[in-house]
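A look at the structure
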Amino acid sequence: MKIHEYQAKEFLGENGIAVPKGQAISSATDARSIARDLGGAVVVKAQVLAGGRGKAGGIKLASTPKKAAEAARTILGSRLSTYQSGGTGYEVATVLVEEQVPIARELYLAVTTDRATACETVIASAAGGMDIEEIAAKDPKAILRETVMPGAGLWPYQIRKLAANLKLEREPARALGALLARLLACYRELDCDLLEINPLAVTTDGRLVALDAKMNIEDNALYRQPRIRDLADDAGEDPVEAEAARIGVSYVGMDGNIGCVVNGAGLAMTTMDILHLLGGEAANFLDVGGSADAERIAGALKLILTDPSVKVIFINIFGGILRCDIFARGLLEAVRQSGANVPLVVRLIGTNQEEGKRILNSSRLSFTVDDDLESAAARAVAIAGGNA
Amino acid sequence: MKIHEYQAKEFLGENGIAVPKGQAISSATDARSIARDLGGAVVVKAQVLAGGRGKAGGIKLASTPKKAAEAARTILGSRLSTYQSGGTGYEVATVLVEEQVPIARELYLAVTTDRATACETVIASAAGGMDIEEIAAKDPKAILRETVMPGAGLWPYQIRKLAANLKLEREPARALGALLARLLACYRELDCDLLEINPLAVTTDGRLVALDAKMNIEDNALYRQPRIRDLADDAGEDPVEAEAARIGVSYVGMDGNIGCVVNGAGLAMTTMDILHLLGGEAANFLDVGGSADAERIAGALKLILTDPSVKVIFINIFGGILRCDIFARGLLEAVRQSGANVPLVVRLIGTNQEEGKRILNSSRLSFTVDDDLESAAARAVAIAGGNA
Amino acid sequence: MSILVDKKTRVVVQGITGKEGSFHTRGMLDYGTKVVAGVTPGKGGTKHLGVPVFNSLEEAVAETGANTSAVFVPPPFAADAVCEAAEAGIRLIACITEGIPLKDMLLTVREVTRRGARMIGPNCPGLISPGKAKVGIMPGPIHRPGKVGVVSRSGTLTYEVVHQLSERKIGQSTCIGIGGDPIIGTSFVDCLWMFEEDGGTEAIVMIGEIGGSAEEEAAAFIKKHVSKPVFAFVAGRTAPPGKRMGHAGAIIAQGVGGWPEKRAALEAAGVEVVENPARIGDAVAARLKPKRKPAAQKKTVKKGKKKR
Amino acid sequence: MSILVDKKTRVVVQGITGKEGSFHTRGMLDYGTKVVAGVTPGKGGTKHLGVPVFNSLEEAVAETGANTSAVFVPPPFAADAVCEAAEAGIRLIACITEGIPLKDMLLTVREVTRRGARMIGPNCPGLISPGKAKVGIMPGPIHRPGKVGVVSRSGTLTYEVVHQLSERKIGQSTCIGIGGDPIIGTSFVDCLWMFEEDGGTEAIVMIGEIGGSAEEEAAAFIKKHVSKPVFAFVAGRTAPPGKRMGHAGAIIAQGVGGWPEKRAALEAAGVEVVENPARIGDAVAARLKPKRKPAAQKKTVKKGKKKR
């Protein structure tokens, strides 16, 4: 789960990490008074859960309280399209108004968990302010990595290495060790899977200040992170994906016109792949999971039907735990409930597949039923292309 | 370094571990008022750095404030000889006056570091109140061990196993997990090498209370444990061993009559062993370390001479880092300084041994100098036995 | 022959009295797996589905000689269950549970290794040696005893592949779902190694996914150490970068783990990468079937590769 | 031949500019050891005793090809130094420093293992392959090239034993002081294994101490895996139980690690336990010298033992 910059900075502040003074607000008039309190010159930053805000106009410098209010007014309520936000972008409901910090240099610093070594890893770069992908593309050597010893912290030699390679002067080099210890503690306590400070400012007086903060909390651990769970904010999320989360399916919108209902993430991706291979394009990724009852299937169909471009729905179910007969009954009920009015191509195979097919074939609803993955997929592609 | 029970209990209390209410005092009159504050019935416990106080009369129950004062009067200023304290025993300068706790059962619980696995290990037994050596001798199976995962804590299954094997009821079983987590935190933060709660009381109302606490802090870590270092209290220690620590040599008094000055702990033990093998007995273990200057050697000789039974001093030096010529000069000076008036047998070998022997032989002092370990040791034994 | 599980496998089910545990214990028993014990703390001394239930793994192992465990306990307690099994002397632990926090798994993989055990998963369907033992949740009947080893990061996609193989009368030695989480106990490389050493395995099918670098590591290993033919399918060719596709593992991050890179790496290692997921069975059949006659059998071993 | 260090050993001294580091660097250079680099953070770019000094191990290894390190940094920084060496690719780290906190070593031994390196010590004299390389603080001239491996928990006691051997013209293949601390990087067993495998070692002398169970573990290993003659001396026969004898390791605790138990375990493993510390050299000479003629050489290998 992602949380907003201002929320992340609150946690960082609690953990003793320096962040600029500031306040999150949702009304432009508040911006003026806060800017005044902060000494006049501020930064106004759109709070949306996507990177690339700066280039999209979501971050504005304001030299006076009046200009701060103007900036807030421009940003609040606007839709922000960044390269990460998808087509329609996010509506900005909140801005963070922060003091301007005297920046000497900008660094990149992050903690994540490396799957290859199964270790927490600190990633750093002297090229702060850019996305890590951008740094990686331009100069992979500019990215420094230090593996954290399991159950412990970074060793002093690792701090020395980082400080030397980041070309830090004596003061910020000293501050780096404490900062990393706190960042790591925060990462662990909050069950993060990414905690990124980008940029991390080296101020003209030698302090290290987190100018931005991106904190992703691992979904599996949310049950034991009540404070984070309470921050759950679907305002900025895609409403369709939010609804998917509610009914317990995994859904990602795509650009094609073939709706997909599949059980299992790997098979769902594979279904998209074979459609593409045969000349079609999926309208979505959708994994109904292992125990799809009528309600969940109906919910999934409704989700897909919110996308007007969908011409056909391809249902690809491999019955394992989920038995084909039970799925078939659920599907019939779901089609009735959802009022699905597009053609349905069904491939239903595995446990109790014969009984499942019998149920579908004996219903008054019309389905294209096909056992073979390739011919079933081809049928869906043909229907979507108007060739069937 | 060992610290007193009352000091250990202060640390435990700070870490959220339940200990009986009480206070350490050094005047019997205070015992009465404290007992009154604690509700009358108390325990009065001698604070000395040796186990086995109970059997030696160092722990007394008192049912009234008056009896508490009497008990304190008896104990304070007495010399307590336990099986761990050596011959003369320890003079008691402080007693701990504590409330009596309603005990249902007494357990044994300790944290230490197992050298074989290089892991912190929890040791527990349902047979509390006895020394662990005693339990081990009577019924080794009564001792439970759980290895702590490096960098983490005990797993819940380990707590369940301990609770089941200690036959704890629901309430104390629940309390055990929290207690162990705190104990482990305390063990780590204070750089302990042993943290023992014996007995750990299960109270009649199902709580776990540390009735006693033995906390050994690892000497190598004292530099970063200022609070512990400040507790250093040589009142209860052997004054000779304390003086040895001050001058930087390792000294342990023994029962024989041959004083030993050796460099290196292994060689020092070996020297004691060969004396024994040849019919003599060492008066001490003494390791002067790797850089023995005149002052340190003189200090070592003086320490040995405080033991009136010493008939001869055997000096066995293998020159490595410590060069024989330098040692020889230091020894001459040290003999002058210390006024050593017993025969000296010197075996001086290794780096610059010829020059070392020349220095000794050309001095006006008389030494028996012998290169061979066995014949040198035999000479010392002969002198000690009056046969030379 | 087979790897990891066979007729000697004696399974203890952790969380046997739970809904999932009950359901799949029945499935394993129906398949003929020797489920000798269950563990649910607090329910020791009872029986469930005819299987004796114990309070602890220690007791279960002592009483029944269980050597393999299947873990169905809920996520907050799963790491503990795995570590308990490892400490009790269980050598193979199939952790089926989905949704275990990453941080718990960082500890668990180390603890399992330290105890000398092996974990499959978590968040996986388990493993099966057809006709011998099933330790997991896969539909038993789609499998068929034979000589192809299958290893996969996916669940139902694995069933799809196995189904294609069995339909073409190509049996499997062992099928292993290693799980889709970022931190797993047993990797492609581990399984490839075991299949390479297993006399009962003649070819290997590997089902990968975009995200991470497990397929690239497998490719590097195959290049050096695997002499048997390997077939691969990698799911997610059309998945958009940066989007989460259900599995925590299936994210393309930081310029590694994309479909083209994985295909390139595997092909460079001599692996036959099948593009059409409906034709994985055909691809294996085309290479293996004509060579089933004894005289030609040797040719299934590729040349120019070192065999360990 | 020899184990661990030889003519190819290229030493980096950590803490080279300190008092101890300087003194023993000179000693190693005098012995002919290739000391190729020193490290002292903040003093990079200078030279010390003619040896180039670097700020970090990474730089030192990159610039000089150092493969072995000798650590002389003070206790509060020693664990860090060892781990830095391991991470920089140093495979053998002799940690001479005495007085490192136990807790630091718990982390260090794991980190060194994880990085695939080996630590000797801490709190040890280091190791020497006479005539080839000395990495440590032992007096070089008492050693003599030859075929007896020496491994010891002690410092000066080792010199005593080596001196007895050399006086009797019995040379050493390699002499290793493994250190007397409770947590050490390399055990008796590790060294016994290497000596057993080393073609240049014909017999092994093991110097133990009371306390801990290292000698008992060594005995168990010897029984199973060592075919070469082993001689042992165990110091501390007359040390009183429960008293600390200088070395943190030399404590008799909880009924294990006493002298009689260690002797019994070693003798049961076929080890010749020498009681008189002045006659260790004689004992080795008595067994090895008459068998130096080619015809009788085979007999030094004891019968009834498995050789790995």
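Residues numbered from 1 in each chain as written. Chains lettered and ligands numbered in written order. Predicted model: local features only at pLDDT ≥ 70, side-chain atom pairs only at ≥ 80, totals over all residues. Heavy atoms only, no water.

Let's shift gears to the overall build of chain A. Counting secondary structure elements, chain A contains 13 helices and 19 strands. With respect to the three principal axes, the spread of C-alpha positions in chain A is 80 × 50 × 40 Å. Every one of the 388 residues in chain A was classed for burial, and the buried ones make up 55%. Taking the intrachain contacts of chain A between residues at least 6 apart in sequence as the baseline, contacts between residues at least 24 apart amount to 68%. Accessible surface, chain A: about 16,000 Å² in total, of which carbon and sulfur atoms supply 49%. Once the 42 positive and 49 negative side-chain charges of chain A are each reduced to a mean point, those two points are 4 Å apart. (Helix = DSSP H or I, 4+ residues; strand = E, 2+ residues; numbered from the N terminus. Buried < 20%, exposed > 50% of the residue type's maximum accessible area, 1.4 Å probe, protein only. Contact = heavy atoms within 4.5 Å. Areas by Shrake-Rupley, 256 points an atom, 1.4 Å probe, with all protein chains shown as cover. Lys, Arg positive; Asp, Glu negative; His and termini not counted. Charge placed at Lys NZ, Arg CZ, Asp CG, Glu CD.)

Now for the interface of chain B and chain C. Each side of the interface is counted separately: chain B has 13 residues, and chain C has 14 residues. Between chain B and chain C, the buried area comes to about 1,100 Å², and carbon and sulfur atoms account for 57% of it. Seen at the junction of chain B and chain C, the total is four salt bridges. Linking D80 of chain C and R160 of chain B is a salt bridge whose minimum nitrogen-to-oxygen distance equals 3.2 Å. At the level of secondary structure, the elements contributing two or more residues to the side of chain B that touches chain C comprise β10 (143-147) and α5 (156-165) of chain B. The dominant element in the side of chain B that touches chain C, judged by the number of residues it contributes, is α5 of chain B, at five residues. (Buried area = accessible area lost by both parts, 1.4 Å probe. Salt bridge = Lys/Arg side-chain N within 4 Å of Asp/Glu carboxyl O.)

On to the interface of chain C and chain A, then. Contact residues are listed per partner, giving 53 residues for chain C and 46 residues for chain A. When chain C packs against chain A, the two sides together hide about 3,900 Å² of surface, and 62% of this comes from carbon and sulfur. For the pair chain C and chain A, the interface holds four salt bridges. Connecting chain C to chain A are 13 residue pairs in polar contact (both at pLDDT 80 or more). Of all the secondary structure elements, the ones that give two or more residues to the side of chain C that touches chain A are α1 (19-31), α3 (75-87), α4 (102-114), α5 (156-167) and β13 (230-235) of chain C. In the side of chain C that touches chain A, the residues fall into 26 nonpolar, 15 polar and 12 charged. (Polar contact = N/O pair within 3.5 Å; in protein donor to acceptor, adjacent residues only side chain to side chain. Nonpolar A, V, L, I, M, F, W, Y, C, P; charged D, E, K, R; others polar.)

The next thing to look at is the packing of helix α8 (residues 239-247) of chain A against helix α10 (residues 294-305) of chain A. Residues and elements named next belong to chain A. Across the interface, α8 lies against α10 with an axial gap of 10 Å and an inter-helix angle of 175°. It follows that α8 is roughly antiparallel to α10 by the angle criterion. Here V240, E243, A244 and I247 of α8 come into contact with α10, specifically with R296, G299, A300 and L303. Tallied by class, residues from the contact of α8 with α10 come to five nonpolar, one polar and two charged. (Axes fitted to C-alpha atoms, helices over the stretch in contact; angles between N-to-C directions. Parallel < 35°, antiparallel > 145°, perpendicular 65-115°, else oblique.)

Right, let's get into the domain arrangement of chain A. Residue and element names in this part refer to chain A. Domain assignment breaks chain A into domain 1 (1-20 + 102-237), domain 2 (21-100) and domain 3 (240-384). Computed over C-alpha atoms, the centres of domain 1 and domain 2 are 23 Å apart. At the interface, 17 residues of domain 1 touch 17 residues of domain 2. Between domain 1 and domain 2 lies a buried interface of about 1,300 Å² when both sides are counted; carbon and sulfur atoms form 46% of it. A per-residue breakdown of the area domain 1 buries against domain 2 is headed by E5, Y6 and P20, which together make up 38% of the total. The tally of links between domain 1 and domain 2 comes to five salt bridges. K9 serves as the salt-bridge partner of E98, at 2.5 Å between the closest nitrogen and oxygen. Elements represented by at least two residues in the side of domain 1 that touches domain 2 include exactly β1 (2-3) and α1 (5-14). The leading source of residues in the side of domain 1 that touches domain 2 is α1, at three residues. (Domains from an automatic or database assignment.)

This paragraph deals with the pairing of strand β9 (residues 119-125) of chain A. All names here are of chain A. The buried fraction of β9 is high, at seven of seven residues. The side-chain alternation of β9 yields two buried faces, one formed by C119, T121, I123 and S125 and the other by E120, V122 and A124. In terms of strand pairing, strand β8 (residues 103-114) meets β9 through seven bridges, oriented antiparallel. Across the sheet, V111 pairs through a bridge with V122, a residue of β9. The antiparallel hairpin formed by β8 and β9 contains four residues in its connecting segment, where A118 sits at a positive phi of about 55°. (Pairing = 2+ DSSP bridges.)

Per the stated rule, a full pass over the model turns up 78 salt bridges over all chains. Across the salt bridge formed by D325 of chain A and R323 of chain A, the nearest N and O atoms sit 3.1 Å from each other. Overall, the relative accessible area of 7% leaves D325 of chain A in the buried class. Note on R323 of chain A: relative accessible area 32%, which makes it partly exposed. E202 of chain D is the partner of K147 of chain D in a salt bridge, and the nearest nitrogen-oxygen pair spans 3.7 Å. With a gap of 55 residues between them, K147 of chain D in strand β10 (residues 145-152) and E202 of chain D in the loop between α6 (188-197) and β12 (203-209) connect regions that are remote in the sequence. Linked by salt bridges that have partners in common, E5, K9, K45, R53, E98 and D212 of chain A make up one network.

Bringing helix α3 (residues 65-75) of chain A into the picture now. Residues and elements named next belong to chain A. Taken together, the buried positions of α3 are P65, A68, A69, A71, A72 and I75. The buried residues of α3 occupy an angular sector of 160° when projected down its axis, which confines them to one face. Summarising the geometry of α3, the exposed residues directed more than 90 degrees from the buried face are K66 and T74. Looking at the residues trailing α3, positive phi occurs at G77, about 85°. (Arc of directions from axis to C-beta.)

Let us look at the confidence of the model for chain C. All names here are of chain C. When pLDDT is averaged along chain C, the result is 90; 89% of the residues meet or exceed 70. Note that pLDDT drops below 50 for residues 247-255; the model gives that stretch 33 contacts with residues more than four away or on any other chain. Note that pLDDT drops below 50 for residues 295-308; the model gives that stretch 24 contacts with residues more than four away or on any other chain. Interface confidence in the predicted complex, given as ipTM, is 0.87; pTM for the same model is 0.88. (pLDDT = per-residue confidence, 0-100.)

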